[in-house]
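Each chain is listed here by its residues.
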Amino acid sequence: MCPPNTKRLNIGLFICHLDNDYAYDICKGVDYATKELDANLIVFPGMYINAAYNNPQKARFDYQYNSIFYYAFPENLDVLIISMGTIGSFLSETDLKSFLEHFKDIPIVTIEIEIPGYSCVYTEGKTGLKKAIEHLIIDHQQEKIGFVSGRPFNADAIERLETYKETLTQYNIPIEDNLIVHGDFSEFCEPLVEQLLDNNPDMHAIIFANDQMASGGYNVFKRRDLKIGQDILVCGYDDAPIALILDPPLTTVKASPSNLGYYAVYQAIDLLNTKIIKTTLLNSDFIPRASCGCHKDIMSPFEFISSSNINLDKSEELSIIITNRLLSEFSCGIIEKELNDVIQKFFKKVISNALDNNIKVFPQNEIMSEISAITSSSIIIYFNIEQLIYLFSSFNKIILAIIPNHEKQLNY
């Protein structure tokens with residue numbers, strides 16, 4: 001909270017392409033932190049700087065959005081957070097520095113890309129991506145693995161491509177140039193994926209440097225009648241909401257953009273108080289789903305119950321185990337406890353009803369009231385609708401598996 005009798009801090013955020021899931025999730029984290037601090041948040045929603053797409057007609061006027069950035073002045077902002085990975089993903093480091101110079105009189109924290117002389121918060125992608133590549137090599141016996149990278153000079157793209165090469169080298173797998181193509185982190189990468197498949201007919205696994213490009217790849221695979229998760233194993237990066245609505249759900253690397261936004265706000269406050277420039281590193285993780293052939297997302301509820309050593313006589317224990325299992329893929333560290341409390345309360349009520357032999361039919365009005373309470377909770381705005389649908393769908397399968405009688409199953 002801001003100290004009493006002092007003015008509220010004005011925190012600015014430069015962000016790009018707010019209809020993009022990744023950018024929107026960053027905003028969620030920044031919004032949550034500024035509410036905790038009782039500070040003002042001013043969002044400057046621009047577009048990519050110097051963007052070039054495979055579909056130039058759609059993007060040719062995007063530069064006009066970016067005039068909004070130049071309304072950021074030290075007179076109206078105490079500190080500025082800049083998502084360099086979104087607005088500057090098409091810029092070289094020299095160009096990024098030149099852009100930041102326009103705002104040199106405002107304390108700045110960058111997100112995603114570390115620029116010398118500026119505080120920064122970014123997620124290291126090596127841990128999660130290395131696990132993903134090792135998973136394909138060890139668990140799925142893949143050696144010929146394609147890689148759809150970002151632009152050659154983009155910092156995130158460089159790190160992810162280097163991780164790919166280092167991991168293959170570690171497992172004595174030769175690096176083949178024809179297995180690597182460079183996209184631009186957008187879904188307009190279909191010709192590149194076509195090229196990759198044409199040049200490598202014996203390739204059965206592809207890693208995309210972000211989920212947006214993976215979604216473009218899905219279009220190509222389906223046109224070619226390739227069964228994702230069987231004929232071609234696919235992995236993305238970011239764990240964006242689109243990863244859950246792709247069919248099948250996308251194996252990916254979780255980078256938690258909401259956490260980036262959240263911790264950037266607190267680093268901005270620290271910069272204001274101490275004047276010390278520092279870098280904060282967050283960790284990535286690997287999320288296996290059906291697209292790599294694991295089918296974790298559609299695990300049999302009976303297998304889940306058996307593998308978790310669940311005691312069906314203890315509904316409270318059961319609700320905790322199920323909540324932890326189902327939220328493990330989605331929970332954002334900044335709101336994990338609150339979200340856990342809201343969801344677990346609902347799960348506990350449904351599970352208690354499911355296991356009570358004296359209750360022959362589900363109290364539907366009561367259950368609907370609980371669902372309404374969840375969807376109207378303020379915490380839900382920090383949780384994507386795609387995640388909620390996926391969460392309740394998975395929960396539904398488990399409940400149907402533990403209901404003791406057929407009549408009650410039909411009622412549920």
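Residues numbered from 1 in each chain as written. Predicted model: local features only at pLDDT ≥ 70, side-chain atom pairs only at ≥ 80, totals over all residues. Heavy atoms only, no water.

**Comments concerning helix α5 (residues 126-139)**
Here is the rule we go by: Helix and strand labels come from DSSP, where a helix needs a run of H or I of at least four residues and a strand needs a run of E of at least two; each type is numbered from the N terminus. A helix is expected to span 1.5 Å multiplied by its residue count minus one. When a residue's accessible area, from a 1.4 Å probe over protein chains only, is under 20% of the maximum for its type it is buried; when over 50% it is exposed; and in between it is partly exposed. In this description, contact between two residues means that some pair of their heavy atoms is separated by no more than 4.5 Å.
Counted at 1.5 Å a residue, the expected span for α5 with its 14 residues is 20 Å, and the 19 Å between its end C-alpha atoms agrees. Considered for burial, the residues of α5 that qualify are G128, L129, A132, I133, E134, H135, L136 and I137. Of the surrounding secondary structure, the elements contacted by the buried residues of α5 are β6 (145-149), α6 (155-170), β8 (205-208), β9 (233-235), β10 (252-254) and β12 (285-287). Q141 occupies a position one or two residues after α5 and carries a positive phi of about 55 degrees.

**A word on the pattern of salt bridges**
In a structure, side chains of opposite charge can pair up when their charged atoms sit close to one another. Rule in force here: Here, a salt bridge means any side-chain nitrogen of Lys or Arg that lies within 4 Å of a carboxyl oxygen of Asp or Glu.
Tallied over the full model, the rule gives 16 salt bridges. Between K144 and D202 there is a salt bridge, and its shortest N-O distance comes to 3.1 Å. Of this pair, K144 sits in the loop between α5 and β6 while D202 sits in the loop between α7 (190-199) and β8, placing them 58 residues apart in sequence. Taken together, the shared-partner salt bridges in this structure form one network comprising E190, E194, D198, R223 and R224.

**Describing the confidence of the model for the protein**
Quick note on the threshold: What pLDDT expresses is the predictor's confidence in each residue, scored from 0 to 100.
Predicted confidence across the protein gives a mean pLDDT of 82, with 82% of residues reaching 70 or more. Below a pLDDT of 50 lies the segment residues 52-56, which in the model reaches 14 contacts outside its immediate sequence neighbourhood of four places, other chains included.

**Topic: the side chain of E159**
Test applied: For the purpose of counting charges, residues Lys and Arg are taken to be positive, whereas Asp and Glu are taken to be negative. His and the chain ends are not included.
By the secondary structure assignment, E159 is in helix α6. Nearest to the buried, unbridged E159 among oppositely charged side chains is R160, at 5.1 Å. When near neighbours in sequence (up to four residues on either side) are disregarded, E159 contacts T123, E124, G125 and K126.

**Quick look at the sheet that holds β6**
Whenever strands of a sheet pair, they do so through backbone hydrogen bonds, lying parallel or antiparallel. This is how the line gets drawn: Pairing between two strands requires that DSSP report at least two bridges joining them. Axes here mean lines fitted to C-alpha atoms, for a helix over just the part in contact, with angles spanning 0 to 180 degrees between N-to-C directions.
Ordered by their spatial adjacency, four strands build an open sheet running β7-β6-β8-β9, and the pairing between neighbours is parallel. Looking at which strands have only one partner, the edges of the open sheet turn out to be β7 (180-182) and β9. Across the sheet, the mean angle from the axis of one strand to that of its neighbour is 15 degrees, orientation sign disregarded. Examined bridge by bridge, β6 and β8 share four bridges and lie parallel to one another. Its bridge partner being in β8, V148 is matched across the sheet by F208. Where α5 meets the sheet, its contacts fall on β6, β8 and β9, and the angle it forms with β8 comes to roughly 175 degrees.

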